[in-house]
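So you can see what is in the structure, the chains are spelled out below.
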Amino acid sequence: MRNPSFSSSPFFAVEEGEKPLADSKMKSVISSLPADRYETYPNLHNVPLTATLYKDGKEIPVDLKDKRLIRLMNFYNNSIYYNQYAYTQGLLTIDYIEKACSEPFRLELTFDTTDRGTQNSYDTNIQAYDTFIIANKEFTLLAHDLPGYEGQEDKYPFKAVGHNPLFAGPGRDYFWLDLFGF
């Protein structure tokens, strides 16, 4: 289920501030991404422990061999590895976390954090995060066992950050779950 290697170049080469890519271009590239094995990027999660889709009021388990999931993880890791993403400058508040965790259309992935890996440039140690909440517009990473800001535990109970592959954000939104066929 794992490919011991990984892609030698970014799937998408974009610059921060560029216009978003058209959905047709996105879907064309996404359809060509590796879907049979999770690529093994250094210091990043690859195969989740669990994957659950929340859609139309239903909780739907997603098979870890699902091509959509494999493509999504390979895309995410590729964008992180090749610095094709934006990230929050600080930790996310409990209000933000609760909103992400209650998004009606979301994909929740859990990971083994036994190997905490090392920190990526300009960011944090991604392997320390045990849960990814992927909504249509954003990726939220949660580390339930790592403290937030000291003395502000009521507002920042644990580490949580946001990632936006391809520098997505206001005015440059991509609908991730739709693009990957969820």
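Note that this is a predicted model, so its numbers are computed, not measured.

1. What to know about the nonpolar core
With 48 residues, the main nonpolar core has L69, L107, W176 and F182 as its most contacted residues. Within the residue set of this core, elements represented by two or more residues are α1 (23-31), β3 (50-55), α2 (67-81), β5 (85-87), β6 (106-110), β7 (131-135), β8 (139-143) and α4 (176-179). Examining the composition of this core, we find that 7 residues originate from one element, α2, more than from any other. Excluding residues within four positions of it along the chain, L69 makes contact with Y38, P48, A51, V62, D63, L64, L107, L109 and F182. The next biggest cluster of nonpolar side chains, apart from the first, holds 7 residues, and it includes A100, I133, L142 and F158.

2. Concerning the environment of P42
Positionally, P42 belongs in the loop between β2 (38-39) and β3. In this structure P42 comes out as partly exposed when scored by relative accessible area, which is 37%. Sequence-distant contacts of P42, defined by excluding residues within four places in its chain, comprise F6 and Y81.

3. With respect to the side chain of E108
Relative to the elements of secondary structure, E108 occurs in strand β6. Look at E108 and you get buried, because its relative accessible area is 19%. Engagement of the side chain of E108 in a polar contact is seen with the side chain of R106, the distance being 2.7 Å. Residues within four places of E108 in sequence aside, it is in contact with T50, A51, T52, Y54, C101, F132 and I133.

4. Topic: the packing of aromatic side chains
For the coordinates displayed, the defined rule picks out 14 aromatic pairs. For the ring pair F75 and F180, a centre distance of 5.4 Å and an interplane angle of 45 degrees mean the geometry is tilted. With a gap of 105 residues between them, F75 in helix α2 and F180 in the segment after α4 connect regions that are remote in the sequence. With relative accessibility at 1%, the residue F75 sits in the buried group. On the accessibility criterion, F180 (5% relative accessible area) is buried. Relative to F139, the ring of Y76 lies with its centre 5.1 Å away and its plane at 15 degrees, an arrangement referred to as stacked. Linking Y76 in helix α2 with F139 in strand β8, this pair joins segments that are 63 residues apart in sequence. Summarising the burial analysis for this pair, Y76 and F139 share the class buried. Linked through ring pairs, F12, F75, Y76, F111, F132, F139, Y174, W176 and F180 together constitute an aromatic cluster.

5. Looking at the pairing of β7
Burial of β7 is extensive: 5 of the 5 residues sit out of reach of the surface. With burial as the criterion, each face of β7 is covered, one bearing T131, I133 and A135 and the other bearing F132 and I134. Both β6 and β7 contribute to a ladder of 5 bridges, which runs antiparallel. By the bridge assignment for β7, L107 is matched with I134. Across 4 bridges, β7 lies against β8 in antiparallel orientation. Note that in β8 the partner of F132 across the bridge is L141. As consecutive antiparallel partners, β7 and β8 are separated by 3 residues.

6. Focus on the pairing of strand β4 (residues 58-61)
Sheet topology places β3 next to β4; 4 bridges connect them, and they run antiparallel. Opposite K55, over in β4, you have K58 as the bridge partner. Taking the residues between adjacent antiparallel strands as the criterion, β3 and β4 are bridged by 2 residues, where D56 takes a positive phi near 55 degrees.

The rules behind the values
Sequence order as written defines the numbering, with residues in each chain counted from 1. Residue-level local features of this predicted model are given only where pLDDT is at least 70; pairs of side-chain atoms are given and counted only at 80 or more, and the full residue set underlies all totals for whole chains, interfaces and linings. To get the side-chain values, all heavy atoms of the structure are used, and hydrogens and water are removed first. Nonpolar core, defined: a set of buried Ala, Val, Leu, Ile, Met, Phe, Trp, Tyr and Cys residues in which side-chain atoms within 4.5 Å join the residues together. Residue exposure (1.4 Å probe, protein chains only): buried if accessible area is under 20% of the type maximum, exposed if over 50%, otherwise partly exposed. Runs of H or I in DSSP of at least four residues are treated as helices and runs of E of at least two as strands, each being numbered from the N terminus. Contacts between residues were defined by any pair of non-hydrogen atoms, one from each residue, lying within 4.5 Å. Polar contacts, as used here, are pairs of N or O atoms within 3.5 Å; protein pairs need one atom able to donate a hydrogen and one able to accept it. Residues neighboring in sequence count only if both atoms are side-chain atoms. Ring pairs are drawn from Phe, Tyr and Trp, using the six-membered ring of Trp, whenever the two centres fall within 6.5 Å, and their geometry is named by plane angle: stacked under 30 degrees, edge-to-face over 60, tilted for the rest. Pairing between strands is defined by DSSP: at least two bridges between them are needed.

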